[in-house]
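Residue strings, one per chain:
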Amino acid sequence: MSRTGSNRMAISTELTARLGIRHPILLAPMDTISGSRLVRAVSDAGGFGILGGGYGDRTRLEAETTKLKGFAGPFGIGFITWSLAKQPELLDIALEARPRAIMLSFGDPAPFAPKIKAARSLLICQVQSEDIARQALDAGADILIAQGTEAGGHGASRTTIDIVPAIVDLAAGRVPVVAAGGIADGRGLAAMMMLGASGVLIGTRFYASIEADGAEEAKQRIRAANSGETVRGVVFDWSRKLMWPAPFTARALSNDHLRRWTGREIELMQRADEVTVEYAAAKAAGNFDVAAVFAGESVGLIHDIPPAAEIVGRIVAEAEQTLQGRRNSIASVA
């Protein structure tokens, strides 16, 4: 633990040293939610903002990376790896913005690693199993994100408390490991550090922030949601004709559409053309009784929609308090 020149507390880890940041807090690259405004806010607060590249909307990527050109703070850009396989030029657009890191999730990172390394960017890989982690390490990953099933959006089935120490053991000190899934406060950061993680990747908590690009209604639904009101499944993907391979499914807030089709997935597939049109219209209209709000199990810990910098500050202060309490407890026992 150390203090910065501004006399604010900083939690120093291998991750913060590698990325050149003050706090071990990374913004998840949430598709259309993690835009340049949120990236700047998180990075300016001492964390590491990662722009969402998602499924590969070239127009949006060009617009958002243009806004980041000349930004003095550290930032990254994240992609669903399969989107790069279909549009490899997206990586060139991303690298032109000179990000400190490129984050790849879902798919083999090896075809893209040489270009990322040649541009002197770090390669961050999100993984959901030891086999996926080995593939990432073989490709030259500089940082691993161990993602638990509690995370919002797409993921697999293993819990954060299971996958994090497993990936930490596999990495064996070669690269820092970051925990993701169900983390929204400083207690979560402290707990993941106790499991050997060097930091955390946070999505849902930053979704409910002023700078996030999501609709205000979606943010309010996250704020109002109780624990246990998210579901992992295929309904929202199939409603968009997105067929993700096993074992990946998507976690979102429960709503009328999800309740309507859960248990009727075969019928949903049979009526895909009809449902897709209905879903697209609802999304365009901002009707979140039908459209998905992708969010993780941490929603029960979220009760407001503050600036991103305030979120970072709270997490750091609470983590330091938690870790200090743990040290004091151990000292008193000794």
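Residues numbered from 1 in each chain as written. Predicted model: local features only at pLDDT ≥ 70, side-chain atom pairs only at ≥ 80, totals over all residues. Heavy atoms only, no water.

Trainee: An account of the overall build of the protein chain is needed here, citing residue identities and associated values.
Mentor: For the protein chain, the count of helices and strands is 16 helices and 13 strands. Taken against the 2.2 N^0.38 rule, which gives 20 Å for 334 residues, the C-alpha radius of gyration of the protein chain at 19 Å falls within 12% of a compact globule. Counting only C-alpha atoms and orienting by the principal axes, one finds that the protein chain spans roughly 60 × 45 × 35 Å. Across the 334 residues that make up the protein chain, the buried fraction comes to 55%. Sequence separation of 24 or more characterises 63% of the internal contacts of the protein chain that already satisfy a separation of 6 or more. When the accessible surface of the protein chain is totalled, it reaches about 13900 Å², and 52% of it is carbon and sulfur. (Helix = DSSP H or I, 4+ residues; strand = E, 2+ residues; numbered from the N terminus. Rg over C-alpha atoms; globule rule 2.2 N^0.38 Å. Buried < 20%, exposed > 50% of the residue type's maximum accessible area, 1.4 Å probe, protein only. Contact = heavy atoms within 4.5 Å. Areas by Shrake-Rupley, 256 points an atom, 1.4 Å probe, with all protein chains shown as cover.)

Trainee: For the pairing of strand S7 (residues 122–127), give the residues involved together with the corresponding values.
Mentor: For S7, a buried count of six out of six residues is recorded, marking the element as mostly surrounded by other parts of the structure. Residue alternation in S7 divides its side chains into two sets, Leu-122, Ile-124 and Gln-126 and Leu-123, Cys-125 and Val-127, and both sets are buried. Note: strand S6 (residues 101–105) against S7, five bridges, orientation parallel. Within S7, the position partnered with Ala-101 by the bridge is Leu-122. (Pairing = 2+ DSSP bridges.)

Trainee: Summarise the confidence of the model for the protein chain; cite the residues concerned and give the values.
Mentor: Looking at the protein chain as a whole, its pLDDT mean stands at 94, while 95% of the residues score no less than 70. Low pLDDT, under 50, characterises residues 1–7; the stretch is placed with 14 contacts to residues that sit more than four places away or in other chains. (pLDDT = per-residue confidence, 0-100.)

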